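Here is how the chains run, residue by residue.
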Amino acid sequence: PDFSIKGEIVFKNVSFKYKNGDYVLQNFNLKVKKGEIIALVGETGSGKSTIVNLVSRFYEPTNGVIYIDGMDYRKIPLKKLRSSLGYVLQTPHLFSGTISENIRYGKLYATMHEIIVAAKLVNAHDFIINLENEYDTDVGEGGSKLSTGQRQLISLARAVIADPKIFILDEATSSVDAYTEHLIQDAIMKVLNGRTSFVIAHRLSTIRKADRILVIQNGKIIEDGSHNQL
Ligand code: ATP
Ligand code: MG
């Protein structure tokens, strides 16, 4: 069968509970079109991360089905699914190694040229070439030699290199300086474009960019519409 993923995602009567917990989602229904950008907003504990954890199949529904391009996603080989999915998590994970190794992590055989193109797209190139060894600079344990904002830009470059059909972004809340904030915002817009995206959004700029904003409360969608509609 052809498992090339286009990126339509449907939650059909999905219920979910973590081990030893109560149900977080009950009969949750959602249809996301290919290329649609969804912003998830809502109080802490409302279920936003749980929803994206299910999309990425870190967890599977307790009941109900998630379909990707009309197919029960449990039938899609996990490797295929994972390679079609990109994430940038709240505290982006960098490993000790160079800048280029960290960006290349998105695609094992990326050339230096591809790495630089990705870094330029997400506004990371300028700070990188000012580092002591440019793209060969060691980022330190967990990226400790870089600022939080720089780590976020590197993880966005990694996502660009991977070129996923489905993109999950858990927006960082950590504050960065105004200039870096502007670079990150601009980079996020570029990475979301053209991909089915789920963004756990804190920035108003990202919420505005979304095609749909879902307000989540107690595992339910209580509002669903564009920024103008809501
Ligand atoms: P936040 O804005 O704080 O990130 P959230 O909307 O992402 O919150 P979730 O993390 O999805 O919320 O949590 C939804 C519910 O599931 C909460 O009651 C939470 O305590 C519970 N929960 C989340 N992760 C786990 C887990 N790994 N094991 C057990 N319960 C969990
Ligand atoms: Mg969360």
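Computed from a predicted model, the values in this text were never measured in an experiment.

Caption draft 1: Inspection of the sheet that holds strand β3 (residues 37–42) at higher detail. One open sheet accounts for six strands, arranged β6-β7-β8-β3-β9-β10; its pairing is mixed. Each of the sheet's edge strands pairs with one partner strand only, and the pair in question is β6 (85–88) and β10 (220–225). Ignoring strand direction, the axes of neighbouring strands in this sheet form an average angle of 20°. With five bridges connecting them, strand β7 (residues 166–170) and strand β8 (residues 196–200) associate as parallel partners. Bridge pairing in β8 places Ile 166 opposite Thr 196. Across the sheet, helix α6 (residues 148–162) touches β6 and β7, and the angle it forms with β6 is around 175°. Of the strands in this sheet, β3, β7 and β8 are in contact with helix α7 (residues 178–192), which crosses β7 at around 155°.

Caption draft 2: How the structure looks around the site of ligand 1. Near ligand 1, the surroundings consist of Tyr 18, Gly 21, Val 24, Gly 42, Thr 44, Gly 45, Ser 46, Gly 47, Lys 48, Ser 49 and Thr 50. For the shell around ligand 1, a count of residues per class yields two nonpolar, eight polar and one charged.

Caption draft 3: Focus on the nonpolar core. By size, the foremost hydrophobic cluster in this structure holds 60 residues, and its most contacted members are Leu 40, Val 122, Ala 157 and Val 199. For Ala 157, the residues in contact, after removing those within four places along its chain, are Ile 103, Ala 118, Ala 119, Val 122 and Ala 124.

Caption draft 4: Molecular detail of the sheet that holds strand β2 (residues 23–32). Strand order in the open sheet formed by four strands is β2-β1-β4-β5, and the pairing between neighbours is antiparallel. The open sheet has two edge strands with one neighbour each: β2 and β5 (71–72). As judged from the six bridges shared by strand β1 (residues 9–17) and β2, these two strands associate in the antiparallel manner. Its bridge partner being in β2, Phe 11 is matched across the sheet by Leu 30. Relative to the sheet, helix α1 (residues 48–55) contacts β1, β2 and β4 (63–68), its axis offset from that of β1 by approximately 120°.

Caption draft 5: Representation of helix α4 (residues 112–121). Looking at α4, one finds that the buried residues are Ile 115, Ala 118 and Ala 119. Buried residues of α4, viewed axially, fall in a sector of 100°; they line one side. Where α4 is buried, its residues contact α3 (99–104), α5 (125–129) and α6. Among the residues trailing α4, Asn 123 stands out with phi positive, at a value near 65°.

Caption draft 6: Here's a closer look at the confidence of the model for the protein. Averaged over every residue, the pLDDT of the protein is 93; residues scoring 70 or more account for 99%. The ipTM assigned to the predicted complex is 0.99, against a pTM of 0.92.

Caption draft 7: Just the pairing of β8, in detail. A large share of β8 lies buried, amounting to five of its five residues. By the bridge criterion, four bridges tie β3 to β8 in an arrangement that is parallel. Considered in β8, the bridge of Ile 37 is made with Ser 197. Handedness of the crossover joining β7 and β8 through α7 is recorded here as right-handed.

Caption draft 8: Focus on the pairing of β3. With respect to burial, β3 is a largely interior element, six of its six residues being buried. The alternating pattern of β3 places Ile 37, Ala 39 and Val 41 on one face and Ile 38, Leu 40 and Gly 42 on the opposite face, and all of these are buried.

Caption draft 9: Region of the structure containing the environment of Thr 62. Examined against the element boundaries, Thr 62 turns out to sit in the loop between α1 and β4. C-beta crowding within 10 Å serves as the criterion here: with 15 such atoms nearby, Thr 62 is assigned to the partly exposed category. It is 12 Å that separates the C-alpha atoms of Thr 62 and Arg 74, two residues lying 12 residues apart in sequence. Contact partners of Thr 62, with chain neighbours within four places excluded, come to Ser 15, Phe 16 and Lys 17.

Caption draft 10: Structural view of unusual backbone geometry. Positioned with a positive phi, Asn 13 is a non-glycine residue whose angle comes to about 45°. Turning to its location among the elements, Asn 13 is positioned in strand β1. A residue is classified by how many C-beta atoms lie within 10 Å of it, and Asn 13, with 13 of them, is partly exposed. Backbone geometry at Arg 57 places phi at a positive 65°, although glycine is not the residue there. The residue Arg 57 is located in the loop between α1 and β4 in this model.

Conventions adopted
The numbering scheme is per chain: residues are counted from 1 as the chain's sequence reads. Each chain takes a letter, starting from A, and each ligand takes a number, starting from 1, following the order in which they are written. Given that the model is predicted, a residue must reach a pLDDT of at least 70 before its local features are reported, and side-chain atom pairs must reach 80 or more before they are shown or counted; all residues, however, enter totals for whole chains, interfaces and linings. Only strands joined by at least two bridges in the DSSP assignment are considered to pair. Where helices and strands are cited, they refer to DSSP runs of H or I of at least four residues and of E of at least two residues respectively, numbered from the N terminus. Interaxial angles span 0 to 180 degrees and are taken between N-to-C directions of axes, which are lines fitted to C-alpha atoms, for helices over the stretch in contact. Throughout, a residue-residue contact means that the two C-beta atoms, derived from backbone geometry, are no farther apart than 7 Å. Contact assignment follows one rule, namely that a residue is near a molecule or strand if its backbone-placed C-beta atom lies within 6 Å of it. Charged means Asp, Glu, Lys or Arg here, nonpolar means Ala, Val, Leu, Ile, Met, Phe, Trp, Tyr, Cys or Pro, and polar covers whatever is left, Gly included. Under the definition applied here, buried Ala, Val, Leu, Ile, Met, Phe, Trp, Tyr and Cys residues are grouped into a nonpolar core through C-beta atoms within 7 Å. For every residue, the other C-beta atoms within 10 Å of its own C-beta are counted; 20 or more classify it as buried, 12 or fewer as exposed, and values in between as partly exposed. C-beta atoms are placed from the backbone. By definition, the arc is the one covered by directions from the helix axis to the C-beta atoms. The predictor's confidence in any single residue is recorded as pLDDT, a number from 0 to 100. Orient the strands so they point away from the viewer; a crossover is then right-handed if the path from the first strand over the helix to the second runs clockwise.

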